[in-house]
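The chain contents come next:
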Amino acid sequence: MMPIEATNQRQATHAARLTGAEIVWATLEGEGVREVFGYPGGAILPIYDALRKFPIRHILVRHEQGGTHMADGYARASGRVGVMMATSGPGATNLVTGLATAMLDSIPIVCITGQVSSKFLGTDAFQEVDITGITLPITKHNYLVTRAEEIAPAIREAFLIARSGRPGPVLVDITKDAQQAIADFDFDAAIPGEQRKHPMLRVEEEAVTNAVEMILAAKRPVILSGHGVLEARASDQLRTLAERLQIPVATTLLGLGGFPASHELSLGMMGMHGESWVNESIQQADLLIACGMRFDDRVTGSLATYAPKAKKIHIEIDPAEINKNVAVDVALIGDLREVLEQLLPRLAPRSAKKDGSAWLRSIRALKGTASVRDIQNLPDNGHLYAAHVINDIWHATGGKAIIVTDVGQHQMWEAQYYKHDEPRSLITSGGLGTMGFALPAAIGAKVACPEKEVWVIAGDGGFQMTSPELATIAQEGLDINIAIINNGFLGMVRQWQQLIYDGNYACSPILSPDFVKLAGAFGIDGATVTNRPEVLPTIARARTSGRAFLIEFQVEKEDGVYPMIAPGAALHEMIRRPDPLIETTSDV
Amino acid sequence: MLHTFVALVEDKPGVLTRVASLFRRLNINITSLTVGHSERPDVSRMTIVADAPAGAAHRVRASLYKLDNVLEVDDIGQFSCVVRELALIKVAATTKTRSNVFELAEVFRARIVDLAPESLMLEITGVSSKVEGLIQVLTEGENKILEISRTGRMVMRRGQHTSRVLDAMRIPEPEQVIPLLEETHGEISGGDVDLELIAEEPNNPT
């Protein structure tokens with residue numbers, strides 16, 4: 001638009017006297033930020049007033065929680081740091097859920113909040129809240145900045161902390177008087193004041209040797225591929241390791257896409273709703289090579305019976321994760337890609353037999369008998385299952401879309417029926433399990449990657465938690481496709497009530513609005529799908545509309561996600577898909 | 001079991017909260033915590049004694065180190081070190097009963113630092129069990145204890161020193177890998193060591 005002026009300004013602002021508010025933008029610009037999400041308010045108005053001088057796009061959100069999820073989705077889709085801005089008080093407290101979501105999933109975001117002037121701190125002034133105190137346990141670090149001179153160093157440090165080591169969210173709280181004061185600004189001089197301490201990493205020669213010996217000696221090895229594979233950009237190295245030694249790869253929910261799902265060595269997702277052969281393989285393995293994952297309880301089931309025959313190698317960047325849940329034999333604490341590059345030259349390729357090793361053959365046998373997942377192949381019996389919908393979205397998009405899910409049954413079905421071959425093609429709230437995440441996170445993903453096809457897959461419950469962000473989509477003119485899997489229940493709650501609470505569906509049936517009409521109120525087109533033949537054509541309509549499109553899929557009400565490991569049960573004690581579903585074929 | 005961590009932390013507002021909050025979140029009780037200036041003006045030294053399961057030390061240390069304001073953490077449980085605690089004890093004592101307290105103070109090498117008509121104050125330095133020994137004999141004796149203020153444990157490793165850690169932080173060395181657990185035990189060089197104190201260490205002077 002105004003390239004010459006913008007260029008000049010950028011040079012000028014690298015060393016100048018600016019207001020604190022201008023320093024905020026100039027520092028963000030210096031960090032390469034092109035888009036921020038935010039919501040203005042009293043204590044951050046000086047910063048908003050200064051925005052017009054800088055070539056940064058601001059996306060107005062409808063609720064600050066949504067804004068944090070947008071910054072989060074932006075970071076997950078692109079690998080860049082997402083930025084969210086909010087005012088003091090309620091604006092700041094609305095960030096809490098989003099910060100905790102990013103913290104649990106190690107997502108690099110920076111939230112900037114306005115704060116009352118420093119002389120009012122601690123006086124219960126209007127819209128004053130101790131947000132650095134509140135967010136202490138749910139941020140990687142946070143700052144209270146009371147002087148304009150401290151703004152640039154704090155923001156630069158925040159970016160460094162957010163994206164270094166194990167990534168995470170950082171909050172910078174800036175008082176209004178600091179925004180209004182004038183200070184010298186020098187982007188390059190505002191490098192983090194303290195020399196960063198050494199990471200507490202340890203990749204010892206002896207440990208590497210041990211790991212290599214264990215890998216070469218293993219007869220039944222399994223690689224466990226986690227979110228760290230994406231964060232360390234180690235997909236290629238992981239694939240080389242797997243292919244070179246013909247080791248099958250099981251994936252965590254957040255690790256999906258780190259190893260291609262269509263690869264012959266891919267087992268699929270492990271854990272509570274992992275396929276039976278995946279969990280059986282882990283239970284029978286004699287070696288687990290855990291890469292960038294943290295042995296979450298949803299992945300291990302009962303710890304007492306977890307992979308009892310396996311030695312364990314843990315490659316992980318966060319030393320606090322070592323031996324936290326599962327005791328390991330060798331810990332390689334460091335950047336996953338660097339550690340794998342250290343290991344690979346010492347692992348000679350194994351001559352691949354034509355039909356694979358005995359281990360791979362036995363896994364194939366497990367797969368053959370345990371696979372009861374032919375829902376999408378069953379003849380149409382008049383019932384519409386979520387699995388159909390998700391499988392069809394996968395077919396229609398060729399597996400190339402960015403899928404953003406909410407939390408619940410549809411999330412697990414997505415993980416089972418959409419085959420992710422590319423890193424960062426699935427965005428989902430794993431650790432915190434935040435309902436309402438999908439719609440705003442998809443907005444962040446679309447803003448970060450406008451050239452990519454973005455799909456929201458959400459349940460009828462979670463979608464209603466953040467549905468006002470439809471207005472953000474409309475205002476920004478974003479081309480996002482939305483699939484609501486409507487079964488009239490808080491589905492996962494209902495499933496637990498069915499299996500664990502004697503079928504007492506306490507407060508899990510949920511009334512929804514007419515989602516298509518709701519979308520229409522925001523100027524967004526939509527359609528309702530109630531039977532299987534309409535699924536693919538409607539998906540095609542959404543994909544070719546060129547603008548946002550919402551599809552409400554009215555699916556089987558009491559379908560369950562299977563297999564399932566009851567909480568606290570062993571990994572091999574799976575609840576299989578019950579017969580009634582299969583019997584529905586006789587309806588035809 | 002009790003674990004002792006020595007942490008070098010930035011001397012900034014809120015750092016104590018961050019450290020304390022970590023223990024709260026891990027549901028680990030802090031038995032004692034002492035903070036004060038270190039050899040560098042912008043860095044404080046904390047000695048934290050915490051009651052945690054035997055296997056928790058590594059995770060606590062790693063979690064502490066993850067805090068941005070924490071520059072260095074030592075789990076000194078396994079190393080040779082000097083442990084000291086300071087206590088002030090106010091004891092009820094009249095002119096008639098003072099001499100008894102004086103005797104006990106003598107045995108424990110405690111000092112009388114205040115004398116009032118109805119009380120006196122003792123200052124004692126040593127390992128915790130020595131302080132507890134004095135408190136115990138005072139309690140069992142005729143003199144009522146009126147007030148006790150204890151610092152909690154302060155610990156410093158023998159030989160090994162952290163000033164080079166702080167020095168090194170001025171130089172960016174991103175590639176350097178620091179061992180998770182120090183393998184080298186501090187070596188005692190005769191010249192630096194107060195042999196009397198070493199001798200005192202294993203046994204209480206009771």
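No experiment lies behind these values; they were computed from the predicted model shown. (Residues numbered from 1 in each chain as written. Chains lettered and ligands numbered in written order. Predicted model: local features only at pLDDT ≥ 70, side-chain atom pairs only at ≥ 80, totals over all residues. Heavy atoms only, no water.)

1. Focus on the domain arrangement of chain B
All names here are of chain B.
- Taken domain by domain, chain B holds domain 1 (2-78) and domain 2 (82-156).
- A C-alpha centroid distance of 29 Å is found between domain 1 and domain 2.
- Contacts between the two partners involve 9 residues from domain 1 and, on the opposite side, 5 residues from domain 2.
- Between the two partners, domain 1 and domain 2, sit 0 salt bridges.
- Counting across the domain 1 and domain 2 interface gives 2 residue pairs in polar contact (both at pLDDT 80 or more).
- Breaking the side of domain 1 that touches domain 2 down by element, the ones donating at least two residues are β1 (2-10), β2 (29-37) and β3 (43-51).
- Residue composition of the side of domain 1 that touches domain 2, by class: 5 nonpolar, 4 polar and no charged. (Domains from an automatic or database assignment. Contact = heavy atoms within 4.5 Å. Salt bridge = Lys/Arg side-chain N within 4 Å of Asp/Glu carboxyl O. Polar contact = N/O pair within 3.5 Å; in protein donor to acceptor, adjacent residues only side chain to side chain. Helix = DSSP H or I, 4+ residues; strand = E, 2+ residues; numbered from the N terminus. Nonpolar A, V, L, I, M, F, W, Y, C, P; charged D, E, K, R; others polar.)

2. Topic: the nonpolar core
Residue and element names in this part refer to chain A.
- In terms of nonpolar packing, the biggest core is built from 50 residues, with F37, V404, F463, I473, I480 and I482 touching the most fellow members.
- With 8 residues, the single largest contributor to this core is helix α19 (residues 438-448).
- Among all residues touching I482, those that are not within four sequence positions of it are L439, W455, V456, F463, L470, I473, F549, L550 and I551.
- Listed in part, the 40 residues of the second largest apolar core include L51, Y143, A148 and F187. (Core = buried A, V, L, I, M, F, W, Y, C linked by side-chain atoms within 4.5 Å. Buried < 20%, exposed > 50% of the residue type's maximum accessible area, 1.4 Å probe, protein only.)

3. Side note on the packing of helix α3 (residues 98-108) of chain B against helix α4 (residues 128-140) of chain B
All names here are of chain B.
- Here α3 crosses α4 at 160 degrees, and the two axes come no closer than 11 Å. One element, α3, and the other, α4, form an angle in the roughly antiparallel class. Judged by the twist between their axes, the crossing of α3 over α4 is right-handed. Only K130, G133, L134, V137 and L138 of α4 make contact with α3, whose side of the interface consists of V101, L104 and F108.
- Partitioned by chemical class, the residues of the contact of α3 with α4 number 6 nonpolar, 1 polar and 1 charged. (Axes fitted to C-alpha atoms, helices over the stretch in contact; angles between N-to-C directions. Parallel < 35°, antiparallel > 145°, perpendicular 65-115°, else oblique. Left-handed = near helix turned anticlockwise from the far one by under 90°.)

4. Remarks on the confidence of the model for chain A
Residue and element names in this part refer to chain A.
- Looking at chain A, pLDDT values average 92 and 92% of them are 70 or higher.
- In the predicted structure, residues 1-9 sits below a pLDDT of 50 and forms 3 contacts with residues beyond four places in sequence or in another chain.
- Low pLDDT, under 50, characterises residues 580-588; the predicted model gives this stretch 14 contacts beyond four residues in sequence or across chains. (pLDDT = per-residue confidence, 0-100.)

5. Considering the environment of Q115 of chain A
Residue and element names in this part refer to chain A.
- Along the polypeptide, Q115 turns up in strand β5 (residues 109-115).
- For Q115, a relative accessible area of 3% translates into the label buried.
- Residues within four places of Q115 in sequence aside, it is in contact with A43, S88, L121, E128, V129, L144, D173, I174, T175, K176 and Q179.
- Among the polar contacts listed, one links the side chain of Q115 to the side chain of D173, at a separation of 2.9 Å.

6. With respect to the sheet that holds strand β12 (residues 287-291) of chain A
All names here are of chain A.
- The 6 strands lie next to each other as β11-β10-β9-β12-β13-β14, forming an open sheet whose pairing is parallel. In this open sheet, the two edge strands, each paired with only one partner strand, are β11 (266-269) and β14 (330-333). The mean angle between the axes of side-by-side strands here comes to 15 degrees, regardless of whether they run parallel or antiparallel.
- Relative to β12, strand β9 (residues 221-225) runs parallel, the two being bridged by 5 bridges. In the sheet register, P221 faces β12, and the bridge partner there is L287.
- Along the sheet, helix α13 (residues 276-284) contacts β9, β10 (249-251), β11 and β12; its crossing angle with β11, the most-contacted strand, is approximately 110 degrees.
- Strand contacts of helix α15 (residues 336-343): β12, β13 (311-316) and β14, with the helix running at about 130 degrees to β13, the strand carrying the most contacts. (Pairing = 2+ DSSP bridges.)

7. With respect to the environment of Y417 of chain A
- Locating Y417 of chain A in the fold gives a position in helix α18 (residues 409-417).
- Placed 110 residues apart in sequence, Y417 of chain A and A307 of chain A show a C-alpha to C-alpha distance of 26 Å.

8. Here's the deal with the packing of aromatic side chains
Residue and element names in this part refer to chain A.
- One pass over the structure, following the stated rule, counts 4 aromatic pairs over all chains.
- Centroid distance F295 to Y306: 6.0 Å. Interplanar angle 80 degrees. Geometry classified as edge-to-face. With F295 in the loop between β12 and α14 (297-300) and Y306 in the loop between α14 and β13, the pair connects residues that are 11 residues apart, well separated along the chain. For the pair formed by F295 and Y306, the shared burial category is buried.
- Centre to centre, the rings of F463 and F515 are 5.6 Å apart; their planes meet at 85 degrees, and the pair counts as edge-to-face. Remark: F515 occurs in helix α23 (residues 515-521) and F463 occurs in helix α20 (residues 460-466); sequence separation between them is 52 residues. There is no split in this pair, since F463 and F515 are both buried.
- Between R494 and the ring centre of F489, over which it is positioned, the NZ or CZ distance is 5.7 Å. (Phe/Tyr/Trp six-rings, centres within 6.5 Å; stacked < 30°, edge-to-face > 60°. Lys NZ or Arg CZ within 6 Å of the ring centre and 35° of its normal.)

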